[in-house]
Amino acid sequence: MQNALLIGLSRQMTLERQMDVVANNVANANTNGFKADHSLFEEFLNSNAREDNFIGADRRVSYVQDRGTYRDIGQGPMEATNNPLDMAIDGNAYFAVQANGGEMFTRDGKFSLNATGQLVTTDGNLVLGTGGPITFQPTDHDINIAPDGTVTVLEGTAKTDSIRGKIRMASFNDPAKLTKLGANLYAAGSAVQQPDTKSTVRQGYIEKSNVNSVGEMTRMVEVMRSYTAIANLLQQQSDMHKSAIEKLADVPA
């Protein structure tokens, strides 16, 4: 009977952590470039309580354990903005930015210019090109970003394009190993950078979150119902335990 209580408690603990993951996905359903997280579960076998005078081997008790989370790195839907500084990556690469004193990565291509004409993210982090930060001149207009990330402009009354840099697209052998830092930023972590020849930049688009809002809300309801069902089961087990003790106490000596 005690084993049933422990198993139910282990499931409730994993459901609580799963709810945190689902709630974070729902909260970021409208965050540009956000990648959804999902929980992983596995069976954890352990022997039950025992005494040395038991006959035969103990039966193993199957607990519930959340082994961790995994990230859905699938492409989010593209939304046209017609803003020449907005960019979306079609592929698995990431924009490289200068943040927190080092090089970080993001899929959020909602860019703008700061007071000095440098291309920055919504949080003011410098967007990096292959040769460093990308800087525009005050007279630049007709900004164009080619699919390979090359940034060209018309300067003043000039009729020919001037190159301002090339957007750096960082690719990794296993993007799921990137470390989430918050604020839509990732650190390389244990992921290894590698050449990317397939990803392209789409100017005037923003990649939206790949969270399936309906699916996540459904999952949230399922978690809440499972938690309530287990709570009811644990209460029944507790009542049975209490009843057994009371009946044993009434046995005549």
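Analysis parameters
- Residues numbered from 1 in each chain as written.
- Predicted model: local features only at pLDDT ≥ 70, side-chain atom pairs only at ≥ 80, totals over all residues.
- Heavy atoms only, no water.
- Phe/Tyr/Trp six-rings, centres within 6.5 Å; stacked < 30°, edge-to-face > 60°.
- Helix = DSSP H or I, 4+ residues; strand = E, 2+ residues; numbered from the N terminus.
- Buried < 20%, exposed > 50% of the residue type's maximum accessible area, 1.4 Å probe, protein only.
- Core = buried A, V, L, I, M, F, W, Y, C linked by side-chain atoms within 4.5 Å.
- Contact = heavy atoms within 4.5 Å.
- Pairing = 2+ DSSP bridges.
- Axes fitted to C-alpha atoms, helices over the stretch in contact; angles between N-to-C directions.

**Description of the packing of aromatic side chains**
Turning to step 1, where the next piece is worked out: In the structure shown here, the tally under the stated rule is four aromatic pairs.
Turning to step 2, where the next piece is worked out: Residues Y94 and F172 carry aromatic rings whose centres are separated by 6.1 Å and whose planes lie at 70 degrees to one another, so their mutual orientation is edge-to-face. Here the residue Y94 occupies a position in strand 5 (residues 94-99), and F172 occupies one in strand 14 (residues 169-172), the gap between them amounting to 78 residues.
Turning to step 3, where the next piece is worked out: A relative accessible area of 2% places Y94 in the buried class.
Turning to step 4, where the next piece is worked out: The class for F172 is buried, based on a relative accessible area of 3%.

**Some thoughts on the nonpolar core**
Turning to step 1, where the next piece is worked out: With 22 residues, the main nonpolar core has M87, L119, F136, I143, V151 and I167 as its most contacted residues.
Turning to step 2, where the next piece is worked out: For this core, the elements supplying multiple residues, two or more each, are strand 4 (87-90), strand 5, strand 11 (140-145), strand 12 (150-155) and strand 16 (185-187).
Turning to step 3, where the next piece is worked out: For this core, the leading source of residues is strand 5, giving three residues.
Turning to step 4, where the next piece is worked out: Those residues in contact with L119, other than ones at most four positions away along the chain, are L85, M87, F111, S112, L113, N125, L126, V127, I134, F136 and I167.
Turning to step 5, where the next piece is worked out: Formed by nine residues, the second largest nonpolar core is a distinct cluster that contains Y94, A96, L128 and Y186.

**Observations concerning the sheet that holds strand 13 (residues 161-166)**
Turning to step 1, where the next piece is worked out: Reading across the sheet, the three strands line up as 11-12-13 and stay open at both edges, with antiparallel pairing between neighbours. Both edges of this open sheet fall to strand 11 and strand 13, since each of them pairs with a single strand only. Taking each pair of neighbouring strands and ignoring which way they run, the sheet shows an average axis angle of 30 degrees.

**A look at the pairing of strand 13**
Looking along a regular strand, one sees side chains alternate from face to face of the sheet.
Turning to step 1, where the next piece is worked out: Inspection of the sheet shows strand 12 paired to strand 13 by five bridges, in the antiparallel sense. For L154, the partnering residue across the bridge sits in strand 13 and is D161.
Turning to step 2, where the next piece is worked out: Counted along the chain from strand 12 to the antiparallel partner strand 13, the turn is five residues long, and its residue G156 has a positive phi close to 60 degrees.

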